[in-house]
Amino acid sequence: MEHYTFFGLDTVIEVSIPRRYAFLRGDIERIILHFDQLWNRFSPQSVVWKINHFFSSEVDADTLEVVREALRLSQDTGGFFCPLIAPLLDLWGFSADPRVPDVEELRKTVEAISRSRLIVQDGRITLQGEGRLDLGGIAKGYVVDFLVSFLKSKGVNKALINAGGQVSGFGARWKVGIFNPVTNVVSGYIIIDGTSVSTSGDYFRFFEEDGVRYHHVLNPFTGYPGRDFRSVSVVASRALLADVISTAVLAGGHEALRVVRKNFKEVAVLTIDEKGTLSFDKNMESIFVFLPSQEVGR
C-alpha cells in the first residue's frame with residue numbers, strides 16, 4: 001500500500017491505496033483542493049463566503065447537495081447539528097483568539113441563530129437572519145465519501161481514508177483505534193469494511209481558562225461546548241452521516257444521543273464520559289474490540 005498525506009478542510013487527510021494506483025495521487029489532491037477552496041468560509045473566493053456575505057448565491061451541485069443534507073440532518077438530530085453556527089464559533093474566537101464570551105452576548109447570538117434560515121431553491125441558496133453558514137461538521141464526511149466513490153470508479157479495490165477523525169475503508173477489515181482522552185490510552189478498535197467511523201472529541205481544538213477546558217463543538221441551544229462526553233465515535237454507512245452524528249452528540253450530550261438513537265437506529269455509537277467510562281449500543285458490539293482493563297458500560 002502507498003500512503004499519501006494532504007492538507008485541506010483545515011485538517012490532515014491521509015489516503016492509503018495499492019501501489020499500482022499511485023498515478024491517482026494528483027487527482028486525489030485536486031479533489032481535496034477543490035472542496036477546500038469551495039467551502040472555506042474565510043476565503044472570499046469560496047461559495048460559503050459568498051452566501052454569508054451576499055445572503056443569496058447560485059451554487060454548484062456539490063454545495064446544493066451538502067447543504068440539503070445539512071438541513072435534513074439538522075432536523076433529524078433535533079437541531080443539535082446546526083449548519084448556521086458560524087457566529088457562535090466566531091464569538092468564542094476558535095478561528096483566531098479563543099476566549100469565553102460574555103453571557104449576554106452568547107444569549108443574543110443563540111437567539112439570532114435560532115431565528116435564521118437557509119432556503120435551497122432553483123440552484124440557489126438564500127440565507128435569512130443573522131446566522132452564518134459553516135460546513136465544518138459535515139464537509140469532511142462529504143469529501144471522504146466523494147473520494148471513496150472516486151477511487152471505486154477507478155477500479156481501486158482497497159483503500160483507507162482518514163480526514164481528521166473521519167475514517168472510511170473498504171476492501172479489507174480495517175482496524176480504527178479509539179483513543180480515551182481521560183486515561184490517555186487506546187481503549188480498543190472498531191473494525192470497518194465498507195463503512196465509516198467518525199470521532200468527535202473535546203481534545204482536538206480547545207483552550208483552557210481558569211482551569212476549565214472549552215472545546216469547539218458547541219451546543220447551538222446553550223452556546224456552550226457540550227459537557228456530557230469527552231469523545232463520541234459513530235459508525236455509519238456514509239462518512240457524512242457519521243460526521244454529523246458524532247458532532248451532534250458531542251454538542252448535545254445525552255439529550256442529543258436520545259434523539260439519535262430514535263431517528264438513526266442503523267448507526268453505532270460509542271461515548272466516553274468525563275470519568276473515562278466507555279458506553280456503547282448494541283450496534284457497536286459486533287464491530288468493537290475492547291482492549292483489556294477498560295471500564296465498559298451499556
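Just above, that's the structure.
Keep in mind it's a predicted model, so treat the numbers as computed, not measured. (Residues numbered from 1 in each chain as written. Predicted model: local features only at pLDDT ≥ 70, side-chain atom pairs only at ≥ 80, totals over all residues. Heavy atoms only, no water.)

Draft legend 1. Fine view of the pairing of strand β12 (residues 212–215). Pairing geometry for strand β11 (residues 206–209) and β12, over four bridges, is antiparallel. Bridge pairing in β12 links F207 to Y214. Taken together, β11 and the strand that follows it, β12, pair antiparallel across an intervening segment of two residues, in which D210 is found at a positive phi of about 55 degrees. (Pairing = 2+ DSSP bridges. Helix = DSSP H or I, 4+ residues; strand = E, 2+ residues; numbered from the N terminus.)

Draft legend 2. Geometry of the pattern of salt bridges. If you walk through the whole model with that rule in mind, you get 15 salt bridges. One salt bridge connects R72 with E69, and the closest N-O pair in it is separated by 2.7 Å. One end of the pair is R72 and the other is E69, both in helix α3 (residues 61–76) and three residues apart, which spans about a single turn. Judged by its relative accessible area of 12%, E69 falls in the buried class. (Salt bridge = Lys/Arg side-chain N within 4 Å of Asp/Glu carboxyl O. Buried < 20%, exposed > 50% of the residue type's maximum accessible area, 1.4 Å probe, protein only.)

Draft legend 3. Inspection of the layout of surface pockets at higher detail. Size it by volume and the largest pocket reaches roughly 1,100 Å³. Surrounding the largest pocket, 44 residues form its lining, G136, G137, K140, R205 and H216 being those nearest its centre. Among the elements of the structure, α1 (25–39), α6 (139–153), β7 (166–170), β8 (174–180), β10 (195–201) and α7 (239–263) are those that each provide at least two residues to the lining of the largest pocket. The element that contributes the greatest number of residues to the lining of the largest pocket is β8, accounting for four residues. Looking at the lining of the largest pocket residue by residue, the class counts come to 22 nonpolar, 15 polar and seven charged. Its boundaries defined by the atoms lining it, the second largest pocket holds a volume of some 330 Å³. In this structure, the second largest pocket is lined by 15 residues; those nearest its centre are S74, C82, I113, S116 and R117. Broken down by secondary-structure element, the contributors of at least two residues to the lining of the second largest pocket are α3, α5 (103–114) and β4 (117–121). Among the elements that make up the lining of the second largest pocket, the one with the highest residue count is α5 (three residues). For the lining of the second largest pocket, the per-class residue count stands at ten nonpolar, four polar and one charged. (1 Å grid on protein atoms, 1.4 Å probe; cavity = no way out; pocket = protein on both sides within 12 Å on 5 of 7 lines; lining within 4 Å. Points joined across faces, edges and corners; volume = space filled by probe spheres on them. Nonpolar A, V, L, I, M, F, W, Y, C, P; charged D, E, K, R; others polar.)

Draft legend 4. Summary view of the packing of α3 against α7. Put simply, α3 and α7 touch, their axes get as near as 10 Å, and they point 20 degrees apart. When the axes of α3 and α7 are compared, the pair comes out roughly parallel. Crossing of α3 over α7 shows right-handed handedness. For the pair α3 and α7, contact is made by E69, L73 and D76 and by L240, L241, V244, V259 and N263, respectively. Among the residues making up the contact of α3 with α7, the classes are represented as five nonpolar, one polar and two charged. (Axes fitted to C-alpha atoms, helices over the stretch in contact; angles between N-to-C directions. Parallel < 35°, antiparallel > 145°, perpendicular 65-115°, else oblique. Left-handed = near helix turned anticlockwise from the far one by under 90°. Contact = heavy atoms within 4.5 Å.)

Draft legend 5. Molecular detail of the nonpolar core. Membership of the largest hydrophobic core comes to 79 residues, with the highest contact counts inside it found for I17, I28, W39, L151 and V267. The element contributing the most residues to this core is α7, with 13 residues. Apart from the residues within four sequence positions on either side, W39 is in contact with S46, V47, V48, D62, T63, V66, L135, A139, Y142 and V143. (Core = buried A, V, L, I, M, F, W, Y, C linked by side-chain atoms within 4.5 Å.)

Draft legend 6. Molecular detail of α5. Relative to the 16 Å expected for twelve residues at 1.5 Å per residue, α5 spans 17 Å between its end C-alpha atoms, a close match to the ideal helical length. For α5, every residue scored as buried is listed here: L106, T109, V110, A112 and I113. One face of α5 carries all of its buried residues, which in axial projection span an arc of 165 degrees. Residues of α5 that are buried sit in contact with α4 (86–92). (Expected span 1.5 Å × (residues − 1). Arc of directions from axis to C-beta.)

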